[in-house]
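Summary of structural features
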Amino acid sequence: MTDYRFKIGIDLQMTGLPFAEALALAEELGAAYGWFGDLHWAINGEITDPVVDEIGERAARHGVSLFMIGAGGAFSKLHLADLQLETLQDHPAFQEDFNRLTQTMQAARRIGVDSVLAYTFAWPGEYTAGKPTWPMRWLTRGGVIADVDMEKLVKVFSLVAEQAEQHNIDVVLGNLPWHYTNTTRHCRDLVERVGSRRIKIMWHPSDNRTAGESDSATAGFINVRPYLHSLHVKDLRVIDGLKLKFEYCPIGEGDVDYPTVLRNLRDHRCDAVIAVATHFLPPSGSGADAMRINFANLKPLINLVEAGG
């Protein structure tokens, strides 16, 4: 038996429930930590100080500590190729996402949440032209980022880091396969080029696997460890990576080596929240039931590793 204990959290929004009901489910499942991706999901109306305060108060009543708030998918749907290095800060779509990220920082700090989530732009044609760069990305284990695109990313997240310092908050980069930080290698490269203590990583071992990074649980952990904030935890099976054929499934039934992920967290005593997600649907079609299944599957793995297994 070890004295290390995992910090178990939940992606509240992925339950498919309204905010109050999602918090009740988190309490039922014993999730001490929670996050969600969009203020408007939790508020469902105008973002004002009283309704932001209510978010924190509701979570506290259910014993859930909000450890991060997403900025409504900031920079998720924007194609980096549509931005010019010299003028990207003036692009209307960029300004809209940047302002939403800043607003989320303000709301998070108001209720004592110390981190917000942002994404790292879509690869060329990802949402408009049928993912033309996917085969290259799969065959190269994540793709090749052109020098000019890395310059854009560094410029953007240097601007983001300035705002983060002003608001005394951390900005966490997502690790999705559709974005430039689709692998742990790309994540670490960007974080180190920006060079700000405010930029962290939410590690997605399953999405790394989707993007062709088959050793995410081992070499990938080494990449993210110095900047690790939290984990996005779900499972999937890759059927044909080159053709982007995969299927989501319950945790422990897919390709992700979660025992190794958990042992690495334990052995290095990482202070990172394991945020359980879903993506698959059980026969009931219920996101809440999918969350119950994933918690039920994850708990024995955690118990085994905490016991020294």
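Not measured: the values here are computed from a predicted model.

**Comments concerning the packing of aromatic side chains**
One pass over the structure, following the stated rule, counts 14 aromatic pairs. Judged by centre distance (4.9 Å) and plane angle (15°), the ring pair of Phe 75 and Phe 121 falls under stacked. On the criterion of sequence distance, the pair formed by Phe 75 in the loop between β3 (65-70) and α4 (92-110) and Phe 121 in the loop between β4 (115-118) and α5 (134-139) is long-range, its members being 46 residues apart. The residues Phe 75 and Phe 121 share a single accessibility class, namely buried. Judged by centre distance (5.9 Å) and plane angle (40°), the ring pair of Trp 134 and Trp 178 falls under tilted. Of the two residues, Trp 134 is situated in helix α5 and Trp 178 in the loop between β5 (170-173) and α7 (184-194); the sequence distance between them amounts to 44 residues.

**Structural notes on the pairing of strand β10 (residues 273-276)**
Across the two faces of β10 the burial is the same, with Val 273 and Ala 275 and Ile 274 and Val 276 all buried. For strand β7 (residues 228-233) and β10, the ladder comprises four bridges, and the chain directions are parallel. Bridge pairing in β10 links Ser 230 to Val 273.

**Quick look at the sheet that holds β7**
Around the barrel, eight strands lie side by side as β1-β2-β3-β4-β5-β6-β7-β10; this closed barrel has parallel pairing. With direction set aside, neighbouring strand axes in the sheet form an average angle of 30°. Sheet topology places β5 next to strand β6 (residues 199-203); three bridges connect them, and they run parallel. Its bridge partner being in β6, Leu 173 is matched across the sheet by Ile 201.

**As for the pairing of strand β1 (residues 7-11)**
The buried fraction of β1 is high, at four of five residues. With four bridges joining them, β1 and β10 adopt parallel strand pairing. Residue pairing for β10: Lys 7 is matched across the bridge by Val 273. Strand direction decides the pairing type here: β1 and strand β2 (residues 33-36), joined by three bridges, are parallel. Residue pairing in the sheet places Asp 11 in a bridge with Trp 35 of β2. In this region the chain leaves β1, passes through helix α1 (residues 19-29) and returns to the parallel neighbour β2; the handedness of that crossover is right-handed.

**A look at the layout of surface pockets**
Estimates place the volume of the largest pocket at around 430 Å³. Looking at the largest pocket, it is lined by 24 residues, and the ones nearest its centre are Met 14, Ser 76, Tyr 119, Leu 176 and His 279. Looking at the lining of the largest pocket residue by residue, the classes come out as 10 nonpolar, nine polar and five charged. Reported here for the second largest pocket is a volume of approximately 320 Å³. Forming the walls of the second largest pocket are 21 residues, and the residues nearest its centre are Lys 7, Leu 228, His 229, Asp 271 and Ala 272. Put simply, the parts of the chain that give the lining of the second largest pocket at least two residues each are β3 and β7. The residue inventory of the lining of the second largest pocket, partitioned by class, reads 10 nonpolar, five polar and six charged.

**A few points about α1**
For α1, the complete set of buried residues consists of Phe 19, Ala 22, Leu 23, Leu 25, Ala 26 and Leu 29. One side of α1 carries all its buried residues, which in axial view fall inside an arc of 160°. Those residues of α1 that are buried are in contact with β1, β2, α2 (39-43), α3 (49-61) and α11 (287-306). Of the residues flanking the end of α1, it is Gly 30, one or two places downstream, whose phi is positive at about 80°.

**Topic: the nonpolar core**
Ranked by size, the top nonpolar core spans 84 residues in total, and within it Phe 75, Phe 121, Phe 157 and Leu 265 carry the most contacts. Top element by residues in this core is helix α6 (residues 147-167). It accounts for eight residues. Filtering out sequence-adjacent residues up to four positions away, Phe 75 remains in contact with Phe 94, Asp 97, Phe 98, Leu 101, Ala 118, Tyr 119, Thr 120, Phe 121, Ala 122, Val 156, Phe 157 and Val 160.

**Description of the side chain of Asp 170**
With respect to the helices, strands and loops of the structure, Asp 170 is situated in strand β5. One polar contact links Asp 170 to Arg 198, side chain to side chain, over a distance of 3.2 Å. Discounting chain neighbours no more than four positions away, the residues touching Asp 170 are Asp 114, Ser 115, Val 116, Arg 197, Arg 198 and Lys 200.

**Topic: the environment of Ile 199**
Mapped onto the fold, Ile 199 is located in strand β6. Put simply, Ile 199 and Ile 302 are 103 residues apart on the chain and 28 Å apart in space, counted from C-alpha to C-alpha. Not counting residues within four places of it along the chain, the set of residues in contact with Ile 199 comprises Phe 157, Ala 161, Val 171, Leu 173, Val 191 and Val 194.

**Comments concerning the packing of α1 against α11**
Contact pair α1 / α11: the axes reach a minimum separation of 11 Å and the direction vectors enclose 25°. By the criterion of interaxial angle, the relationship of α1 to α11 is roughly parallel. Every pair of crossing elements has a handedness; the one defined by α1 and α11 is right-handed. In contact with Leu 25, Glu 28 and Leu 29 of α1, α11 contributes Ala 288, Met 291, Arg 292, Phe 295 and Lys 299. Taken together, the residues of the contact of α1 with α11 break down into five nonpolar, no polar and three charged.

About the cut-offs
Residues numbered from 1 in each chain as written. Predicted model: local features only at pLDDT ≥ 70, side-chain atom pairs only at ≥ 80, totals over all residues. Heavy atoms only, no water. Phe/Tyr/Trp six-rings, centres within 6.5 Å; stacked < 30°, edge-to-face > 60°. Helix = DSSP H or I, 4+ residues; strand = E, 2+ residues; numbered from the N terminus. Buried < 20%, exposed > 50% of the residue type's maximum accessible area, 1.4 Å probe, protein only. Pairing = 2+ DSSP bridges. Axes fitted to C-alpha atoms, helices over the stretch in contact; angles between N-to-C directions. Right-handed = clockwise from strand over helix to strand, strands pointing away. 1 Å grid on protein atoms, 1.4 Å probe; cavity = no way out; pocket = protein on both sides within 12 Å on 5 of 7 lines; lining within 4 Å. Points joined across faces, edges and corners; volume = space filled by probe spheres on them. Nonpolar A, V, L, I, M, F, W, Y, C, P; charged D, E, K, R; others polar. Arc of directions from axis to C-beta. Contact = heavy atoms within 4.5 Å. Core = buried A, V, L, I, M, F, W, Y, C linked by side-chain atoms within 4.5 Å. Polar contact = N/O pair within 3.5 Å; in protein donor to acceptor, adjacent residues only side chain to side chain. Parallel < 35°, antiparallel > 145°, perpendicular 65-115°, else oblique. Left-handed = near helix turned anticlockwise from the far one by under 90°.

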